[in-house]
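# Observations on the model geometry
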Amino acid sequence: MKTKTFLLLLLAQLPLAHAQTQWVLQPYLQYFGHVRGSALGARVKGFVGSKPNNPYNIAVASSPSNNNPTGLSFYSISTPQDTTPLWIIPYGADVEDGDFNGDGYTDFAVWKSVNMGRNSSVLIYLGDAAGIDTVAAIELTEEQERSGFGLKMCIGDLNNDGNDDLVITAPGYAVSLGNNGKVYAYFGDPNMNSTPDFTITGSRPYAGFGSRCAIGDFNDDGFNDLAIRGYDQARIGGSESFGYLNIYLASAQVDTIADLTSPRAGRGAGTSGGLAAFDANADDKTDLLWTYSDSLTSQNFVYIHFGGADFAQRFQVAPDFVIPAPFGSGEFGNEIANAGDMNGDGDEDILIAAYSTGQENGIVFVYTAGKALDDKFDAARGQSRGGNFGASIDGVGDVNHDGYDDIIVGAPLQPWSRYEGYFGIFWGDARIPTHVAERNSETPPADFILGPIYPNPLTSHSTIEFKLSKRAFVETKVYNLLGKEVIAFPEVEYLAGQHRVVWNSRDRDGEIVPSGIYFVRMRAFASDHSHLLFEQTNKFMVVR
């Protein structure tokens, strides 16, 4: 039977050493493609939060690289048998939803790619009380052939007028020599047209600007900001290709000059590096999540920068939270998505894919987020060799109406060598662990404690844990053996309890520190800064 041939739980590969017991995600629906080369599941989309006029809850695309006219299929899933699409857009390759004309109904933006990706456009389908019109109202055309116009799209209100705006990337756009990349923004309006309201072009040839995009109010000032990934292959001065992330902090006017730029990420966080924006720590602020690849260890991490008024200051120092690749999963973080509340604890969870691992098995991981966030996965599911399980992922809401949110996963190369494709919906479950009480004890520690730095010695990232017996402002600094300050973390106010600071072993200028002995000094001040509560220093080693 086909299902038995190609599905594998991979229980033996999921490390279960830490205290909590992970849950193996269970399928609600699985559909295997039957057209060779169609690569079904190249993109998957869940319409969470759509207006009632949208009759569909998922969309699944085949790969445009195969010039397959099957394109983009829309489904209304309410039972595992609902695998017949209700609408198909030939050559459709991806879709995003929003209210572009401000009429209160969901509209679609559909990426259409033909001639093996040589020609692309984005079609706008408007919604009304009767549903979604199947005839496109607006066509947004590419400026340049083979630019990848529409490869990624993101939606949000950038100019604060109450209408959803559309951002379209074209990472292959070339000014002269190579792929500078370009991003196009179209403001939503009752009279929305096909002329972009602003554009941003990659800074130089081969900058690969626009491989991903995300929108959210990261600095909590009431204006949505724009995050754009790129993959620079210029190799200036003999340097390697690297991934990067630019952030454009909005105000009353849209900003087209990057306010923040990430440290260089290695090859592993190139065109496949994930990027997402949602509330991961349950503080009602939008957080930024992206994949960082360490060039020294070739290991991927998911960086989380918590939203807040001091976002910019913290972003320039270090991520607020780091999720390492479990057991060195090769392409960990190729996709990051909001899984919704999969275990019913009231907080949104994090979905991270690794479409290829050391054993060529694709695996998706669920991390219980919000109050229970830690760096150990809480649920997972894998599939057999060579299918690229996890090449696409998304949250789909509560498809089976059991009170828990579900996810969708695509595997476009399944089965290996035939590329017929696959998509599956996996249900949420109360058995996905939370351990909120265990990780967030209401009983404060009896004293202030700076815990050991781990790992020690470290090669890339280190975690500095500490406990506070009362609310305090905490100052954390790292010094080298000569007593020179290497980096100072922003002073942050914490509540009583256990906390952590993550350091990526870079100095204040973003440079990787050399091997040697270092010291971390932590000081806690009273909430009114009237006096010092405690001061402690610990020693650790960096090994390159």
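## Overview of the overall build of the chain
In terms of helices and strands, the chain carries 3 helices and 39 strands. Counting only residues that meet the buried cut, the chain has 57% of its 544 residues in that class. In the chain, the proportion of contacts linking residues at least 24 apart, taken out of those at least 6 apart, comes to 54%. Of the roughly 21,800 Å² of accessible surface on the chain, 49% is carried by carbon and sulfur atoms.

## What to know about the sheet that holds strand β7 (residues 92–98)
Read from one edge of the open sheet, 4 strands run β7-β8-β9-β12, paired in antiparallel fashion. Among the strands making up the open sheet, the edge pair consists of β7 and β12 (138–141). Adjacent strand axes in the sheet meet at a mean angle of 20° when their direction is disregarded. Relative to strand β8 (residues 107–114), β7 runs antiparallel, the two sharing 6 bridges. For Glu96, the partnering residue across the bridge sits in β8 and is Ala109.

## Things to note about the state of the cysteines
The tally for this structure, following the rule as stated, stands at 1 disulfide. Sulfur-sulfur distance for the disulfide between Cys154 and Cys213 comes to 2.4 Å. Torsion about the S-S bond of the Cys154 and Cys213 cystine: about -130°, corresponding to left-handed handedness. Of this pair, Cys154 sits in strand β13 (residues 153–156) while Cys213 is found in strand β17 (residues 209–216), placing the two residues 59 residues apart along the sequence. Residue Cys154 shares its accessibility class with Cys213, and that shared class is buried.

## Focus on the packing of aromatic side chains
According to the stated counting rule, one finds 28 aromatic pairs in the structure shown. Where Phe389 meets Tyr422, the ring centres are 6.2 Å apart and the plane angle is 50°; that geometry is what we call tilted. Taken together, the residues Phe389 in the loop between β28 (379–383) and β29 (392–397) and Tyr422 in strand β31 (residues 422–427) connect sequence positions 33 residues apart. Within the aromatic cluster, the residues linked to one another by ring pairs are Phe47, Tyr56, Phe74, Trp87, Phe108 and Tyr125.

## Observations concerning the sheet that holds strand β20 (residues 260–261)
Ordered by their spatial adjacency, 4 strands build an open sheet running β17-β18-β19-β20, and the pairing between neighbours is antiparallel. A strand with exactly one partner marks an edge of an open sheet, and here the two such strands are β17 and β20. Strand direction decides the pairing type here: strand β18 (residues 225–232) and strand β19 (residues 242–248), joined by 7 bridges, are antiparallel. Residue pairing across strands places Ile228 opposite Asn246, the latter belonging to β19.

## Describing the pattern of salt bridges
Summed over all chains, the structure comprises 18 salt bridges. Across the salt bridge formed by Asp375 and Lys376, the nearest N and O atoms sit 3.0 Å from each other. A residue is classified by how much of its surface remains accessible, and Lys376, at 35% relative accessible area, is partly exposed. Three or more residues joined by partner-sharing salt bridges are found here, namely Asp375, Lys376, Glu465 and Arg500.

## With respect to the pairing of strand β4 (residues 58–61)
Neither face of β4 is left uncovered, since the one carrying Ile58 and Val60 and the one carrying Ala59 and Ala61 both have all their residues buried. Sheet topology note: the strand β3 (residues 43–46)/β4 ladder contains 4 bridges and is antiparallel. Its bridge partner being in β4, Gly46 is matched across the sheet by Ile58. Sheet topology places β4 next to strand β5 (residues 72–75); 4 bridges connect them, and they run antiparallel. Among the inter-strand pairings, Ile58 is bridged to a residue of β5, identified as Tyr75.

## Topic: the environment of Ser113
Following the sequence through the fold, Ser113 ends up in strand β8. Along the chain, Ser113 and Asp94 lie 19 residues apart, while their C-alpha atoms are 9.3 Å from each other.

## Focus: the environment of Ala280
Along the chain, Ala280 turns up in the loop between β21 (275–278) and β22 (287–293). Residue Ala280 is classed as buried on the basis of its relative accessible area of 0%. With 93 residues separating them in the primary sequence, Ala280 and Leu373 have C-alpha atoms 7.9 Å apart.

## Structural notes on unusual backbone geometry
Residues Gln414 and Pro415 are joined by a peptide bond in cis, for which omega reads -10°. Along the polypeptide, Pro415 turns up in the loop between β30 (406–410) and β31. The omega angle of the peptide bond from Asn456 to Pro457 is 5°, so this bond is cis rather than trans. As for its position among the elements, Pro457 is in the loop between β32 (449–454) and β33 (462–468). Positive phi values are uncommon outside glycine, yet Asp220 reaches one of about 55°.

## Regarding the nonpolar core
With 26 residues, the main nonpolar core has Phe466, Leu468, Val478, Phe489, Trp503 and Phe540 as its most contacted residues. Elements that contribute at least two residues to this core include exactly β32, β33, β34 (472–480), β35 (485–488), β37 (497–503), β38 (516–525) and β39 (532–542). If sequence neighbours within four positions are ignored, Phe489 has contacts with Val317, Ala318, Thr476, Val478, Val501, Val502 and Trp503. One finds Phe365, Tyr367, Phe377 and Ala380 within the second-largest nonpolar core, a separate group that totals 22 residues.

## Here's the deal with the side chain of Glu96
One can find Glu96 in strand β7. At 3.1 Å, the side chain of Glu96 and the side chain of Lys45 are in polar contact. Filtering out sequence-adjacent residues up to four positions away, Glu96 remains in contact with Lys45, Asp107, Phe108, Ala109, Met153 and Ile155.

The rules we used
- Residues numbered from 1 in each chain as written.
- Predicted model: local features only at pLDDT ≥ 70, side-chain atom pairs only at ≥ 80, totals over all residues.
- Heavy atoms only, no water.
- Helix = DSSP H or I, 4+ residues; strand = E, 2+ residues; numbered from the N terminus.
- Buried < 20%, exposed > 50% of the residue type's maximum accessible area, 1.4 Å probe, protein only.
- Contact = heavy atoms within 4.5 Å.
- Areas by Shrake-Rupley, 256 points an atom, 1.4 Å probe, with all protein chains shown as cover.
- Pairing = 2+ DSSP bridges.
- Axes fitted to C-alpha atoms, helices over the stretch in contact; angles between N-to-C directions.
- Disulfide = S-S within 2.5 Å.
- Phe/Tyr/Trp six-rings, centres within 6.5 Å; stacked < 30°, edge-to-face > 60°.
- Salt bridge = Lys/Arg side-chain N within 4 Å of Asp/Glu carboxyl O.
- Core = buried A, V, L, I, M, F, W, Y, C linked by side-chain atoms within 4.5 Å.
- Polar contact = N/O pair within 3.5 Å; in protein donor to acceptor, adjacent residues only side chain to side chain.

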